[in-house]
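Structure at a glance
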Amino acid sequence: MYSKEEKLSLLSEMIEFAKVDKKIKDEEYNFILAVASQLEITEEEIGHLVRNSAEKKNLQPESQRILQFHRLVLLMNVDQETTQSELHKIKELGLHMGLRPEAIDTVLKEMNKYPNKVIPPKELIAIFARFYN
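Conventions and cut-offs
Residues numbered from 1 in each chain as written. Predicted model: local features only at pLDDT ≥ 70, side-chain atom pairs only at ≥ 80, totals over all residues. Heavy atoms only, no water. Axes fitted to C-alpha atoms, helices over the stretch in contact; angles between N-to-C directions. Helix = DSSP H or I, 4+ residues; strand = E, 2+ residues; numbered from the N terminus. Parallel < 35°, antiparallel > 145°, perpendicular 65-115°, else oblique. Contact = heavy atoms within 4.5 Å. Nonpolar A, V, L, I, M, F, W, Y, C, P; charged D, E, K, R; others polar. Core = buried A, V, L, I, M, F, W, Y, C linked by side-chain atoms within 4.5 Å. Buried < 20%, exposed > 50% of the residue type's maximum accessible area, 1.4 Å probe, protein only.

1. With respect to the packing of helix α4 (residues 62–77) against helix α5 (residues 84–96)
Put simply, α4 and α5 touch, their axes get as near as 11 Å, and they point 175° apart. Here α4 is positioned roughly antiparallel relative to α5, judged by the angle of their axes. Every residue of α5 that contacts α4 at Phe69, Leu72, Val73 and Met76 is listed here: Glu86, Leu87, Ile90, Leu93 and Gly94. Its residues assigned to classes, the contact of α4 with α5 comprises 7 nonpolar, 1 polar and 1 charged.

2. What about the nonpolar core?
Counting residues in hydrophobic clusters, the biggest one holds 36 residues, and the most contacted among them are Leu11, Met14 and Phe69. Counting residues per element, the ones that place at least two in this core are α1 (4–18), α2 (26–38), α3 (43–51), α4, α5, α6 (101–110) and α7 (121–132). In this structure leucine 11 touches Ile32, Val35, Ala36, Leu39, Ile41, Ile46 and Leu49, once residues within four positions along its chain are discounted.

Here it is, written out as structure tokens:
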């Protein structure tokens, strides 16, 4: 599904996002490791990405960008603390992915309605579908 370069790029993006509040928290690092494991990327490779970011690859198709945005939302909420700097950064990342600002804002508002702010994938997809039709 993803090339090795795309996998490293999206994990690097997650690491950079986790660093937005200056330190990667244990919960964030463990979440990144779980995603890395699903993508068949080793903890050693993650350690390298923490020190040196990977080259940015733009994900195609759009469904992959929405999935990556969902990962970032989950990462932001894994520690149960959402800072203004995280909200600003996630909006910026979503816009750079080419996602609609209205959809991004709706996801960030709707996530508060769910336990631990974990917005279900079906709801996330419905939000994006609403703004792309």
